[in-house]
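The chain contents come next:
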Amino acid sequence: GESVGLHLPTLSVQEGDNSIINCAYSNSASDYFIWYKQESGKGPQFIIDIRSNMDKRQGQRVTVLLNKTVKHLSLQIAATQPGDSAVYFCAEGPGGYNKLIFGAGTRLAVHP
Amino acid sequence: DGGITQSPKYLFRKEGQNVTLSCEQNLNHDAMYWYRQDPGQGLRLIYYSQIVNDFQKGDIAEGYSVSREKKESFPLTVTSAQKNPTAFYLCASSPRTSGKNIQYFGAGTRLSVL
């Protein structure tokens, strides 16, 4: 999920397949991580979060994996649906009332 | 209907003009944030406020100003000093939760220069 300016990295998947969206974070001191979904022309929508004392957390059809050794975060979406098509952002932060630092995003395109 | 309301949805600015973007929340959240999003890019923090009558600069505060006179309101003014204001502006709020920072976003305001 690294920024390439105007051209977001795109992940294309078939409907029903599993999707894995990756994110490399920058600050080894970050202890809180969060994923958002943004549909075109709308505000970001919270999906799932994870604290650094965990390496996996599951939600409904989504799983977030955290590898602190290599500073890597991933979002897995099971049985991807057309409604999952959007831009996905990861964000990192020290937790609490502090800033979140957002990545540039990855576009997920789901094909029937 | 609880949530974060941004207005207007679209806004046009003339040269040398200041414009103000509205953000209101009825979620009783303490913290509020303003972000700027350019096409194909992530969100960049302009200003944030953790409590009424207090706010801090984010990463790109130059050319912008804010106020936080009420808990539910955090308006953003784009001043004439901001030479490239065309962007999608997003307001967010978050509750005081230990160890977490789930920010809830409004629908955004798209600002263009005439």
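Residues numbered from 1 in each chain as written. Chains lettered and ligands numbered in written order. Predicted model: local features only at pLDDT ≥ 70, side-chain atom pairs only at ≥ 80, totals over all residues. Heavy atoms only, no water.

A.B. asks: Help me understand a nonpolar patch on the surface in this model?
C.D. replies: All names here are of chain B. On the surface, Tyr10, Phe12 and Leu114 cluster together into a nonpolar patch covering about 380 Å² of accessible area. Here Phe12 shows up in strand β2 (residues 10-13). What makes Phe12 partly exposed here is its relative accessible area of 48%. (Patch = residues over 30% accessible without salt bridge, like charges linked within 9 Å, V, L, I, M, F, W, Y side chains within 5 Å. Areas by Shrake-Rupley, 256 points an atom, 1.4 Å probe, with all protein chains shown as cover. Salt bridge = Lys/Arg side-chain N within 4 Å of Asp/Glu carboxyl O. Helix = DSSP H or I, 4+ residues; strand = E, 2+ residues; numbered from the N terminus. Buried < 20%, exposed > 50% of the residue type's maximum accessible area, 1.4 Å probe, protein only.)

A.B. asks: Even after reading the chapter, I still don't get the interface of chain A and chain B, so can you show me in this structure?
C.D. replies: Much of the literature gives interface size as the accessible area that the parts lose upon coming together. Contacts between the two partners involve 25 residues from chain A, matched on the other side by 31 residues from chain B. Buried area between chain A and chain B, summed over both chains or domains, comes out near 2200 Å², and the portion from carbon and sulfur atoms is 54%. Between chain A and chain B we count 2 salt bridges in total. Of the charged contacts in the structure, one is a salt bridge between Lys99(A) and Asp59(B), with a shortest N-O distance of 3.7 Å. Secondary-structure elements contributing two or more residues to the side of chain A that touches chain B are β3 (32-38) and β4 (45-51) of chain A. With 4 residues, the top contributor of residues to the side of chain A that touches chain B is β3(A). Its residues assigned to classes, the side of chain A that touches chain B shows 12 nonpolar, 8 polar and 5 charged. (Contact = heavy atoms within 4.5 Å. Buried area = accessible area lost by both parts, 1.4 Å probe. Nonpolar A, V, L, I, M, F, W, Y, C, P; charged D, E, K, R; others polar.)

A.B. asks: Sorry, what's going on with the side chain of Asp49(A) here?
C.D. replies: Here Asp49(A) lies in strand β4. Taking relative accessible area as the criterion, Asp49(A) reaches 2% and is therefore assigned buried. Engagement of the side chain of Asp49(A) in a polar contact is seen with the side chain of Tyr32(A), the distance being 2.7 Å. A distance of 2.5 Å separates the side chain of Asp49(A) from the side chain of Lys100(B), its partner in a polar contact. Ignoring any residue separated from it by four or fewer positions in sequence, one finds Asp49(A) in contact with Tyr32(A), Phe33(A), Ile34(A), Arg57(A), Val64(A), Lys100(B) and Ile102(B). (Polar contact = N/O pair within 3.5 Å; in protein donor to acceptor, adjacent residues only side chain to side chain.)

A.B. asks: When you look at the pairing of β3(A) in this model, what are you seeing that I'm missing?
C.D. replies: Every other side chain in a regular strand lies on the same face of the sheet, so the side chains alternate between the two faces. All names here are of chain A. Where burial is concerned, most of β3 is hidden: 7 out of the 7 residues are buried. Along β3, one buried face is formed by Tyr32, Ile34, Tyr36 and Gln38 and the opposite face, lined by Phe33, Trp35 and Lys37, is buried too. Where β3 and β4 come together, 6 bridges link them in antiparallel fashion. Following the sheet pairing, Lys37 is matched in β4 by Gln45. Bridge count for β3 against strand β8 (residues 86-93) is 7 bridges, and the pairing is antiparallel. (Pairing = 2+ DSSP bridges.)

A.B. asks: Teacher, can you tell me more about the confidence of the model for chain A here?
C.D. replies: Caution applies to low-pLDDT regions: their predicted coordinates should not be interpreted in detail. Residues with a pLDDT of 70 or more make up 91% of chain A, whose mean pLDDT is 90. Here residues 1-5 of chain A is modelled with pLDDT under 50, and outside its nearest four sequence neighbours on either side it reaches 12 contacts, counting other chains as well. (pLDDT = per-residue confidence, 0-100.)

A.B. asks: Can you help me understand the packing of aromatic side chains in this one?
C.D. replies: When we look at a pair of aromatic rings, we describe it by the centre distance and by the angle of the planes. Inspection of every chain in the model, using the stated rule, returns 11 aromatic pairs over all chains. A centroid spacing of 4.5 Å and a plane angle of 50° characterise the contact between Tyr25(A) and Phe33(A), whose relative ring orientation is tilted. Judged by relative accessible area, which is 1%, Phe33(A) ranks as buried. Consider the rings of Phe102(A) and Tyr35(B), whose centres lie 5.4 Å apart with planes at 80°: the pair is edge-to-face. Here Phe102(A) is found in strand β9 (residues 101-102), whereas its partner Tyr35(B) is found in strand β4 (residues 31-37) on a different chain. An identical accessibility class is assigned to Phe102(A) and Tyr35(B); each is buried. Three or more aromatic residues joined by ring pairs make a cluster, and in this case those are Tyr36(A), Phe46(A), Phe102(A), Tyr33(B), Tyr35(B), Tyr48(B) and Phe105(B). Of note, Arg68(B) hangs over the ring of Phe74(B), and the distance from its end group to the ring centre comes to 6.0 Å. The positively charged end of Arg110(B) is found above the aromatic ring belonging to Phe88(B), 4.5 Å away from the centroid. (Phe/Tyr/Trp six-rings, centres within 6.5 Å; stacked < 30°, edge-to-face > 60°. Lys NZ or Arg CZ within 6 Å of the ring centre and 35° of its normal.)

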